[in-house]
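Coordinate analysis (summary)
Listed here are the chains, written in short residue letters.
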Amino acid sequence: MPVINTEAFAWACFEDRGTRKSLFKLTTKGNNFIGKFADVIICNSANELEPAVFSLIPKLLPVGPLFASSRLGIQGGNFWPKDSDCLSWLDQQPANSVIYVAFGSFTAFNKTQFQELALGLD
């Protein structure tokens with residue numbers, strides 16, 4: 001597993017220290033609440049990948065790793081239903097004229113980062 005860049009944590013993506021602190025507290029409070037009442041917490045990992053984590057948090061139940069796969073139409077690791085609505089629009093576009101950008105489930109940009117992204121895509 002690659003080392004996690006702590007600057008990429010959800011709460012670290014905000015410039016304002018108060019916002020970072022509030023989001024960190026909300027995240028840890030939510031995790032503590034879930035841990036208190038859940039029998040198990042399912043996660044996308046494996047004991048062999050992160051043994052130290054699983055020794056620290058016994059309620060974690062690894063069910064993976066799950067990988068996205070196009071084999072036999074299986075959507076491993078993707079819990080959203082497949083949405084093909086955009087395919088007819090995409091088929092009408094000239095070849096190599098569409099850029100797909102995905103940032104995961106949670107992404108926060110400051111104004112400068114967003115403008116740089118837009119310029120880069122332009």
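Residues numbered from 1 in each chain as written. Predicted model: local features only at pLDDT ≥ 70, side-chain atom pairs only at ≥ 80, totals over all residues. Heavy atoms only, no water.

Within the chain, the secondary structure is distributed over 4 helices and 2 strands. Across the chain, helices and strands are ordered from the amino to the carboxyl terminus as α-β-α-β-α-α. Relative to its full complement of 122 residues, the chain shows a buried share of 8%. A sequence separation of at least 24 residues applies to 12% of the contacts in the chain between residues at least 6 apart. Put simply, the chain shows about 10800 Å² of open surface, and 60% of that area lies on carbon and sulfur atoms. (Helix = DSSP H or I, 4+ residues; strand = E, 2+ residues; numbered from the N terminus. Buried < 20%, exposed > 50% of the residue type's maximum accessible area, 1.4 Å probe, protein only. Contact = heavy atoms within 4.5 Å. Areas by Shrake-Rupley, 256 points an atom, 1.4 Å probe, with all protein chains shown as cover.)

Attention shifts here to unusual backbone geometry. Not every positive phi belongs to a glycine, and Asn-96 is a case in point at roughly 60 degrees. With respect to the secondary-structure elements, Asn-96 resides in the loop between helix H3 (86-91) and helix H4 (111-121). Taking relative accessible area as the criterion, Asn-96 reaches 83% and is therefore assigned exposed.

Aromatic ring pairs are described here by two measures, namely the spacing of the ring centres and the angle between the planes. Scanning the model with the defined rule gives 1 aromatic pair in all. Look at Phe-33 and Phe-37: their rings are 4.8 Å apart centre to centre, the planes differ by 55 degrees, and that puts the pair in the tilted class. One end of the pair is Phe-33 and the other is Phe-37, both in helix H1 (residues 17-37) and 4 residues apart, which spans about a single turn. For the pair formed by Phe-33 and Phe-37, the shared burial category is exposed. (Phe/Tyr/Trp six-rings, centres within 6.5 Å; stacked < 30°, edge-to-face > 60°.)

A contiguous nonpolar surface patch, about 550 Å² in accessible area, is contributed by Ile-99, Val-101, Phe-103, Phe-109, Phe-114 and Leu-121. The topology assignment puts Phe-114 in helix H4. Phe-114 gets classed as exposed once you look at its relative accessible area, which sits at 51%. (Patch = residues over 30% accessible without salt bridge, like charges linked within 9 Å, V, L, I, M, F, W, Y side chains within 5 Å. Salt bridge = Lys/Arg side-chain N within 4 Å of Asp/Glu carboxyl O.)

In this section: the layout of surface pockets. Empty space among the atoms becomes apparent when a probe as large as a water molecule is rolled across them. For the largest pocket, the calculated volume is near 330 Å³. Forming the boundary of the largest pocket are Lys-82, Asp-83, Ser-84, Cys-86, Leu-87, Trp-89, Leu-90, Val-98, Ile-99 and Tyr-100. When its residues are assigned to classes, the lining of the largest pocket shows 7 nonpolar, 1 polar and 2 charged. When residues of the lining of the second largest pocket are assigned to their parent elements, the largest contribution, 4 residues, is made by H1. Grouping the constituent residues of the lining of the second largest pocket by class yields 5 nonpolar, 3 polar and 1 charged. (1 Å grid on protein atoms, 1.4 Å probe; cavity = no way out; pocket = protein on both sides within 12 Å on 5 of 7 lines; lining within 4 Å. Points joined across faces, edges and corners; volume = space filled by probe spheres on them. Nonpolar A, V, L, I, M, F, W, Y, C, P; charged D, E, K, R; others polar.)

So, on to the side chain of Ser-45. Considering the arrangement of structural elements, one finds Ser-45 in the loop between strand S1 (41-43) and helix H2 (51-56). A distance of 2.3 Å separates polar atoms of two side chains, one belonging to Ser-45 and the other to Glu-50. (Polar contact = N/O pair within 3.5 Å; in protein donor to acceptor, adjacent residues only side chain to side chain.)

Now for the confidence of the model for the chain. Per-chain confidence: the chain averages 77 in pLDDT, with 80% of residues scoring 70 or above. The least confident element of the chain is S1, whose mean pLDDT is 82; the most confident is H3, at 87. (pLDDT = per-residue confidence, 0-100.)

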